[in-house]
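# Survey of secondary and tertiary structure
Next come the chains, spelled out residue by residue.
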Amino acid sequence: MRKVRKAVFPVAGLGTRFLPATKAIPKEMLTVVDRPVIQYVVDEAREAGIEHFIFVTGRNKAVIEDHFDIQFELNHTLAERGKDDQLDRLQRLQPQPGQTSFTRQQVPLGLGHAVWCARELVGDEPFALLLPDMITLPDQGCMKDMVALYNETGGSIIAVEECDPSETHKYGIVGRGEDASTGFRITGMVEKPKPGTAPSNLYINGRYILQPEIFAILESQERGAGNEIQLTDAMLKLERQQSFYGYHYRGRTFDCGSPEGFVEANVAFALSRSDMNESMACSIRTLLAEVEPARRKVAAG
Ligand code: G1P
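The present account deals with the structure reproduced in this document. (Residues numbered from 1 in each chain as written. Predicted model: local features only at pLDDT ≥ 70, side-chain atom pairs only at ≥ 80, totals over all residues. Heavy atoms only, no water.)

### Here we look at the overall build of the chain
- When you go through the chain residue by residue, the secondary structure sums to eleven helices and 13 strands.
- Based on the C-alpha atoms only, the size of the chain along its principal axes is roughly 60 × 55 × 40 Å.
- Within the span of the chain, comprising 301 residues, buried residues form 48% of the whole.
- By sequence separation, contacts in the chain at least 24 residues apart represent 76% of the contacts at least 6 residues apart.
- As displayed, the chain offers around 15500 Å² of accessible surface, 51% of which is attributable to carbon and sulfur atoms.
- Taking the 34 positively charged and 41 negatively charged side chains of the chain as two groups, their mean positions are separated by 4 Å. (Helix = DSSP H or I, 4+ residues; strand = E, 2+ residues; numbered from the N terminus. Buried < 20%, exposed > 50% of the residue type's maximum accessible area, 1.4 Å probe, protein only. Contact = heavy atoms within 4.5 Å. Areas by Shrake-Rupley, 256 points an atom, 1.4 Å probe, with all protein chains shown as cover. Lys, Arg positive; Asp, Glu negative; His and termini not counted. Charge placed at Lys NZ, Arg CZ, Asp CG, Glu CD.)

Laid out in structure tokens, this is it:
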């Protein structure tokens, strides 16, 4: 079985939901506590054993490339000032020379199109795909578990989580078949189903392992939901030719693509850190106590 060595990060999105914050800064560079969102996702891939990181970028995203480069002046200054902890941390997160590649999605035609733009860089091997809007807590873990499942089953794998049935229209949804190792067989999938038509409440959380045959399917550039080239539609076709498995992730994924999800992620990640848990919990309690009277007044009309 071919090993999963490469990961694709589609980071071309405009981030219009975050304007004006994202006028000059890519949404993937907004920080959750003290790491840019994209760093969480790359770290998750590295932890899963990924050796090559492929970014599908767009205009105004050059700073992502800078972020994953070495900043010699910064390293030098940190060393001179004896800030070894910070230097160590930067060095641990630093991709090695030749481990990153960047290509551009020149026109915003959807996720399927973004993935297709990486076809030459991925080549003829299975690859991981991580959507940078989605970050997982406990951080890391999800892709590592998926690679472990892949090593048992082969094929393609999609991670899913449960959502409230009223939310299924916002996501790709999969149907659940019989168990297979630590995962299950996928019996179908649909992108953003109309309310009441979803095959389950298991939503695709933005983590995939895909076989390279997906590229030939995406080549046809067929449009789907929202008039975009949808990855889910291409996966549905691949599922008719090859095995497809679901992995039910038991952690929690935060959708940093929306301001509410992003703020929630900041609160949750800060609370999960031993160095700030206590002070954050205290601040949140104080803030809630302060806003409660106003909330009650609004609720009472
Ligand atoms: C994309 C995928 C969808 C998945 C979602 C997770 O949708 O197409 O299947 O559930 O990411 O965030 P988007 O959020 O780009 O509309």
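### Thoughts on helix H10 (residues 259-272)
- Across its 14 residues, H10 extends 20 Å between first and last C-alpha, which sits within 8% of the 20 Å expected from 1.5 Å per residue.
- When H10 is considered as a whole, its buried residues turn out to be Gly261, Phe262, Ala265, Asn266, Ala268, Phe269 and Ala270. (Expected span 1.5 Å × (residues − 1).)

### Regarding the packing of helix H3 (residues 72-80) against helix H4 (residues 84-93)
- In the contact formed by H3 and H4, the axes pass within 8 Å of each other and the chain directions differ by 150°. Relative to H4, H3 is oriented roughly antiparallel. Facing Leu74, Asn75, Leu78 and Ala79 of H3, the residues of H4 in contact are Gln86, Leu87, Leu90 and Gln91. (Axes fitted to C-alpha atoms, helices over the stretch in contact; angles between N-to-C directions. Parallel < 35°, antiparallel > 145°, perpendicular 65-115°, else oblique.)

### Quick word on the nonpolar core
- Counting residues in hydrophobic clusters, the biggest one holds 43 residues, and the most contacted among them are Phe9, Val32, Phe55 and Ile135.
- Non-local contacts of Phe9, meaning those with residues more than four positions away in its chain, are made with Ile38, Val41, Val42, Ala45, Phe53, Ile54, Phe55, Val56 and Leu130.
- If you look at the next biggest cluster of nonpolar residues, it comprises 37 residues, including Ile54, Val115, Phe184 and Ile186. (Core = buried A, V, L, I, M, F, W, Y, C linked by side-chain atoms within 4.5 Å.)

### Thoughts on the site of the ligand
- Contacts to the ligand come from Leu111, Leu131, Met134, Tyr171, Gly172, Glu191, Lys192, Ile204, Tyr208 and Thr232.
- One of the backbone nitrogen or oxygen atoms of Gly172 is found 3.0 Å away from an oxygen atom of the ligand.
- The contact in question runs from an oxygen atom of the ligand to an N or O atom on the backbone of Ile204, over 2.7 Å.
- For the ligand, whose unbound accessible area comes to 380 Å², protein coverage reaches 77%.
- In the shell around the ligand, the residues fall into six nonpolar, two polar and two charged. (Near = heavy atom within 4 Å. Polar contact = N/O pair within 3.5 Å; in protein donor to acceptor, adjacent residues only side chain to side chain. Nonpolar A, V, L, I, M, F, W, Y, C, P; charged D, E, K, R; others polar.)

### Some details on the packing of H10 against helix H11 (residues 277-300)
- Put simply, H10 and H11 touch, their axes get as near as 7 Å, and they point 135° apart. When the axis of H10 is compared with that of H11, the two are oblique. Together, Val267, Ala270 and Leu271 of H10 and Asn277, Met280, Ala281 and Ile284 of H11 make up the contact between the two elements.
- Tallied by class, residues from the contact of H10 with H11 come to six nonpolar, one polar and no charged.

### Points about the pattern of salt bridges
- Within the structure shown, the criterion is met by 21 salt bridges.
- Where Arg5 meets Glu125, a salt bridge forms, and the shortest distance between an N and an O atom there is 2.8 Å. Placement of the pair is Arg5 in the segment before strand E1 (6-10) and Glu125 in the loop between helix H6 (119-122) and strand E6 (127-130), with a sequence separation of 120 residues.
- Residue classification places Glu125 among the buried residues on the basis of a relative accessible area of 13%.
- The shortest N-O distance in the salt bridge between Glu44 and Arg207 comes to 2.9 Å. (Salt bridge = Lys/Arg side-chain N within 4 Å of Asp/Glu carboxyl O.)

### Considering the packing of aromatic side chains
- This model, assessed by the stated rule, comprises nine aromatic pairs.
- Their ring planes at 70° and their centres at 5.0 Å tell us that Tyr40 and Phe269 sit as a pair that is edge-to-face. Here the residue Tyr40 occupies a position in helix H1 (residues 37-47), and Phe269 occupies one in helix H10, the gap between them amounting to 229 residues.
- Directly above the ring of Tyr40 sits Arg35, whose terminal nitrogen or CZ lies 3.9 Å from the centroid.
- Note that Arg119 overlies the ring of Trp116, its terminal NZ or CZ placed 3.8 Å from the centroid. (Phe/Tyr/Trp six-rings, centres within 6.5 Å; stacked < 30°, edge-to-face > 60°. Lys NZ or Arg CZ within 6 Å of the ring centre and 35° of its normal.)

### A closer look at H11
- Over its 24 residues, H11 runs 33 Å from end to end, which matches the ideal 34 Å to within 8%, given 1.5 Å per residue.
- Glu292 marks where H11 bends most, by close to 40°; the proline Pro293 follows one to four residues later.
- One or two residues past the end of H11 sits Gly301, with phi positive at roughly 80°. (Bend = angle between axes of the 7 residues up to and from the residue.)

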